[in-house]
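# Working through the structure, step by step
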Amino acid sequence: MNRINKKLQEDNKLLSIYFTAGYPKLNDTAKIIENLEKNGVDMIEIGLPFSDPLADGPTIQASSTKALKNGMTTEVLFDQLKDVRKTVSIPLIIMGYFNPMLQYGVEAFCKKCAEVGIDGLIIPDLPVDVYNEHYKSIFEKHGIINVFLITPQTSEERIRFIDSISKGFIYMVSSASVTGSSSGFGDVQTDYFKRIHQMELNNPQVIGFGISDHKSFSQATQYAKGAIIGSAFVKHLTTEGTDTIDRFINKIVKP
Amino acid sequence: MTYNINNKGYYGEFGGAYIPEMLYPNVEELRQNYLKVMAEPEFQEEFHALLKDYVGRPSPLYFAKRLSAKYNTKIYLKREDLNHTGAHKINNTIGQILMAKRLGKNRIIAETGAGQHGVATATVCALMGLECIVYMGEIDIARQAPNVARMKMLGATVVPALSGSRTLKDATNEAIRDWINNPVDTHYIIGSVVGPHPYPDMVARFQAIVSEEIQWQLQEKEGTSKPDYVVACVGGGSNAAGAFYHFLDDTDVKLIAVEAAGKGVHSGESAATSILGKEGIIHGSKTLLMQTPDGQITEPYSISAGLDYPGVGPMHAHLYKSGRAEFVAITDDDAMTAGLELCKMEGIIPAIESSHALAVFEHKKFKPEDIVVVSLSGRGDKDLETYIQHFGL
């Protein structure tokens with residue numbers, strides 16, 4: 001069974017952390033992953049940096065630009081990950097834009113993911129219908145779970161469709177925004193969380209975008225299986241470096 | 001065989017809508033409505049009335065006598081430079097502002113490189129009394145001060161794009177991010193035949209007025225609606241899409257797309273996307289784009305700010321790949337020389353973008369009886385500073 005599915009069966013609420021590979025320093029990737037697991041993080045999204053990240057706000061854009069400047073490439077990332085499964089057992093997901101994967105070759109990319117122990121992919125700009133028509137069989141052949149996004153504007157019919165082709169969890173974008181926008185949730189978001197919760201989908205939901213602290217994490221996980229923190233963690237790496245990851249995680253998990 | 005778009009939003013293998021789910025409702029709303037709205041008689045009536053009385057259409061199809069004599073062929077110039085705001089860009093912004101109103105949007109966003117599309121968008125927003133926000137790369141803002149001032153005078157807010165390379169591609173990214181953040185009340189007026197489906201097709205249809213006029217104007221002047229060649233410059237490709245549109249499937253009419261070679265196609269400073277580009281995804285469209293082997297989008301270069309886009313519209317990617325259009329790359333120097341030649345021989349100061357198309361006559365030999373229509377997409381007022389520097393005027 002895929003590590004993502006296994007993790008989703010656990011009883012507790014899940015904390016997933018995103019970081020941009022190659023940031024702050026090129027070779028921080030493995031260290032950050034090990035550190036996050038050691039501090040109780042349940043799942044990790046490794047950002048494959050892209051020159052033009054359309055769905056990301058200034059924080060993740062800046063980290064991507066820096067990571068690329070540091071020399072991060074798809075090949076370098078896979079090389080950094082080649083021994084990661086000797087020490088890390090939580091689910092690992094690569095989050096990235098489609099063009100770098102297309103250039104690497106989608107089949108080659110999935111194969112390499114399987115080899116190094118990546119469990120899933122999140123590709124914001126790969127449309128559901130294109131995935132279904134052209135790439136689904138490749139992903140499935142290599143045992144890679146593709147995670148789809150829904151937003152407050154996604155119609156019920158489309159949510160049902162996305163649920164029907166999802167094999168792990170559904171990534172619930174908390175509000176109409178790019179990453180790293182406003183923090184905290186008001187009535188509009190909680191109504192949306194409730195609405196999705198009441199749909200009783202087949203796949204569990206994990207909420208991302210706009211989660212940065214204990215309060216927003218608790219609010220999100222009240223209605224969903226887990227929550228993803230990205231920009232706030234990248235900001236922490238920017239100001240505090242990689243030595244105090246424990247402090248960041250503790251502040252999220254404990255009040 | 002058709003060179004136009006298919007019902008899935010692709011030109012051959014190019015096009016589609018590679019967008020994050022956050023944009024899906026906006027783009028889908030547009031996709032479901034654009035053809036329906038454009039087919040409404042009232043829409044067409046309003047669109048054509050504005051093109052006539054506000055833009056000044058039809059733009060003349062001018063027989064360039066002295067230029068024709070020099071190159072020993074029949075050269076016609078399609079005078080988009082005489083449109084209100086000085087280029088073909090306004091054809092599209094008029095169409096899209098009417099579309100936005102039909103869809104109930106009251107906030108308009110746009111990207112701009114040199115500022116021409118930004119000015120054309122600010123203009124129609126002033127005309128309709130709608131809020132207008134234009135994203136422009138920080139570097140472009142610094143080097144295109146007059147157009148920034150024009151946009152402000154027209155009531156638009158100009159927002160600097162501070163990410164990435166701080167030029168057109170990043171301004172486009174910022175406009176897309178704005179649309180993600182404002183999914184309900186906002187319409188994004190893309191300035192070229194780029195972006196996710198239905199944009200390339202919608203923009204091409206609004207620009208198609210250009211080739212529609214060429215057909216009847218040529219009929220009047222030459223007794224045939226078919227030129228032998230249509231020549232147009234290509235950055236994203238909107239003026240070329242407009243000039244080619246009604247001739248796409250008529251292979252008697254040869255199409256020539258002129259790209260900016262910058263300082264030379266292989267100099268490392270070029271915007272010749274068809275030659276240097278590889279298939280990939282940019283701004284939601286599968287097309288040819290300039291990128292690293294790793295799939296990171298690179299920054300193009302051209303002396304002409306309107307041609308330095310790292311991608312090309314999917315229609316043009318298909319015209320290139322299928323061989324339907326001949327692609328020619330013209331350097332900065334050759335374009336500038338051709339621009340100055342038009343000034344001296346015909347009394348017309350062309351935009352540097354259009355000068356690239358004019359340079360085709362030094363590059364390629366035409367027969368004396370050939371009718372060659374060149375899209376003179378814009379006027380050169382905006383480029384005076386560059387002309388002054390280049391020729392030491």
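Residues numbered from 1 in each chain as written. Chains lettered and ligands numbered in written order. Predicted model: local features only at pLDDT ≥ 70, side-chain atom pairs only at ≥ 80, totals over all residues. Heavy atoms only, no water.

### Re the overall build of chain A
Across its full length, chain A holds 12 helices and nine strands. Its C-alpha atoms give chain A a radius of gyration of 17 Å, within 12% of the compact-globule value 18 Å for 255 residues. Counting all 255 residues of chain A, 62% fall into the buried class. Sequence separation of at least 24 residues holds for 75% of the intrachain contacts in chain A that already meet a minimum separation of 6. Total accessible area computed for chain A in this model is approximately 10000 Å², and 49% of it derives from carbon and sulfur atoms. (Helix = DSSP H or I, 4+ residues; strand = E, 2+ residues; numbered from the N terminus. Rg over C-alpha atoms; globule rule 2.2 N^0.38 Å. Buried < 20%, exposed > 50% of the residue type's maximum accessible area, 1.4 Å probe, protein only. Contact = heavy atoms within 4.5 Å. Areas by Shrake-Rupley, 256 points an atom, 1.4 Å probe, with all protein chains shown as cover.)

### With respect to the overall build of chain B
Per the secondary structure count, chain B includes 17 helices and 14 strands. Taken over the C-alpha trace, chain B has a radius of gyration of 19 Å; the compact-globule value for 393 residues is 21 Å, and the two agree within 12%. In chain B, which comprises 393 residues, the share counted as buried stands at 64%. Considering only contacts within chain B whose residues lie at least 6 apart along the sequence, 73% involve residues at least 24 apart. Of the charged side chains in chain B, 37 are positive and 47 negative; the average position of the first set lies 2 Å away from that of the second. (Lys, Arg positive; Asp, Glu negative; His and termini not counted. Charge placed at Lys NZ, Arg CZ, Asp CG, Glu CD.)

### Some points on the environment of B:Gly137
All names here are of chain B. Looking at the element boundaries, glycine 137 is found in strand β6 (residues 131–137). Accessibility expressed as a relative area gives 0% for glycine 137, which makes it buried. Spatially, the C-alpha atoms of glycine 137 and threonine 167 are 4.1 Å apart, while their sequence positions differ by 30 residues.

### A short note on the interface of chain A and chain B
Listed as interface residues are 37 residues of chain A and, on the opposing side, 33 residues of chain B. In terms of surface lost to chain B, no three residues of chain A exceed A:Asp52, A:Leu54 and A:Gln103, which account for 24% of the buried area on that side. Summed over the shared surface of chain A and chain B, the result is three salt bridges. Across the pair B:Lys8 and A:Glu133 runs a salt bridge whose closest N-O atoms are separated by 3.7 Å. Seen at the junction of chain A and chain B, the total is 18 residue pairs in polar contact (both at pLDDT 80 or more). (Buried area = accessible area lost by both parts, 1.4 Å probe. Salt bridge = Lys/Arg side-chain N within 4 Å of Asp/Glu carboxyl O. Polar contact = N/O pair within 3.5 Å; in protein donor to acceptor, adjacent residues only side chain to side chain.)

### As for unusual backbone geometry
Residue and element names in this part refer to chain B. The omega torsion across arginine 57 and proline 58 is -5°, close enough to zero to call that bond cis. Following the sequence through the fold, proline 58 ends up in the loop between α2 (41–55) and β3 (61–63). Cis geometry marks the peptide bond from histidine 197 to proline 198; its omega dihedral reads 15°. By the secondary structure assignment, proline 198 is in the loop between β8 (186–189) and α9 (199–207).

### A closer look at helix α7 (residues 128–141) of chain A
The sharpest bend along α7(A) measures roughly 70° and falls at A:Tyr135. In this structure, the buried residues of α7(A) make contact with α5 (98–104), α6 (106–116), β4 (120–122), β5 (145–147) and α8 (156–165) of chain A together with β1 (10–11) of chain B. (Bend = angle between axes of the 7 residues up to and from the residue.)

### Some thoughts on a nonpolar patch on the surface
Residues and elements named next belong to chain B. Together, Ile349, Leu384, Ile388 and Leu393 make up an exposed nonpolar region whose accessible area comes to about 370 Å². Examined against the element boundaries, isoleucine 388 turns out to sit in helix α17 (residues 384–391). Judged by relative accessible area, which is 35%, isoleucine 388 ranks as partly exposed. (Patch = residues over 30% accessible without salt bridge, like charges linked within 9 Å, V, L, I, M, F, W, Y side chains within 5 Å.)

### Quick notes on the packing of aromatic side chains
Under the criterion given, the structure shown has 25 aromatic pairs over all chains. The interplanar angle of 45° and the centroid separation of 5.8 Å between the aromatic rings of A:Tyr192 and A:Phe193 together place this pair among those described as tilted. The class of A:Tyr192 is buried, set by a relative accessible area of 3%. Judged by centre distance (6.1 Å) and plane angle (65°), the ring pair of B:Trp179 and B:Tyr199 falls under edge-to-face. Here B:Trp179, found in helix α8 (residues 168–181), pairs with B:Tyr199, found in helix α9; they are 20 residues apart in sequence, far enough to count as distant. Overall, B:Tyr199 belongs to the buried group, its relative accessible area being 0%. Members of the aromatic cluster, joined through ring pairs, are A:Phe185, A:Tyr192, A:Phe193 and A:Tyr223. (Phe/Tyr/Trp six-rings, centres within 6.5 Å; stacked < 30°, edge-to-face > 60°.)

### Details of the sheet that holds strand β6 (residues 149–150) of chain A
Residue and element names in this part refer to chain A. Strand order in this open sheet of nine strands is β5-β4-β3-β2-β1-β9-β8-β7-β6, and the pairing throughout is parallel. Looking at the sheet topology across the chains shown, the edges are occupied by β5 and β6. Looking at chain direction, strand β7 (residues 170–173) and strand β8 (residues 205–208) are connected through four bridges and run parallel. Bridge assignment links tyrosine 171 to a residue of β8, and that residue is valine 206. Sitting on the sheet, helix α9 (residues 187–198) touches β6, β7 and β8, and the angle it makes with β7 is about 155°. Seen against the sheet, helix α12 (residues 245–253) touches β1 (14–20) and β9 (226–229) and runs at an angle of roughly 145° to β1. (Pairing = 2+ DSSP bridges. Axes fitted to C-alpha atoms, helices over the stretch in contact; angles between N-to-C directions.)

### Some remarks on the side chain of A:Asp163
Residue and element names in this part refer to chain A. For aspartate 163, the location among the structural elements is in helix α8. Arginine 160 provides the closest opposite charge to the buried, salt-bridge-free aspartate 163, at an N-O distance of 5.2 Å. Here asparagine 203 takes part through its side chain, which lies 2.7 Å from a polar atom of the side chain of aspartate 163.

### Details of the domain arrangement of chain B
A common measure of how large an interface is: the accessible area buried when the components associate. Residues and elements named next belong to chain B. Parsing chain B into structural domains produces domain 1 (11–50 + 89–203) and domain 2 (56–87 + 208–391). For domain 1 and domain 2, the distance between their C-alpha centres works out to 22 Å. Counting from both sides, the interface comprises 36 residues of domain 1 and, opposite them, 37 residues of domain 2. Of the roughly 2900 Å² buried between domain 1 and domain 2, counting both surfaces, carbon and sulfur atoms make up 62%. Looking at the side of domain 1 facing domain 2, the largest losses of area belong to Phe14, Tyr18 and Lys169, adding up to 22% of the total buried there. Across the pair lysine 321 and glutamate 13 runs a salt bridge, and its minimum N-O distance is 3.2 Å. Joining domain 1 to domain 2, the criterion identifies 12 residue pairs in polar contact (both at pLDDT 80 or more). For the side of domain 1 that touches domain 2, the secondary-structure elements that each account for two or more residues are β2 (14–15), α4 (89–102), α5 (116–128), α8 and α9. When residues in the side of domain 1 that touches domain 2 are grouped by element, the largest group, five residues, is from α8. (Domains from an automatic or database assignment.)

### Quick look at the confidence of the model for chain B
With 100% of its residues at a pLDDT of 70 or more, chain B shows a mean pLDDT of 96. Predicted as a complex, the structure gets a pTM of 0.97 and an ipTM equal to 0.95. (pLDDT = per-residue confidence, 0-100.)

### Some points on the pattern of salt bridges
Residues and elements named next belong to chain A. Within this structure, the stated rule accounts for 42 salt bridges over all chains. Glutamate 140 is the salt-bridge partner of lysine 167, the closest N and O atoms lying 3.0 Å from each other. Of the two residues, lysine 167 is situated in the loop between α8 and β7 and glutamate 140 in helix α7; the sequence distance between them amounts to 27 residues. On the accessibility criterion, glutamate 140 (41% relative accessible area) is partly exposed.

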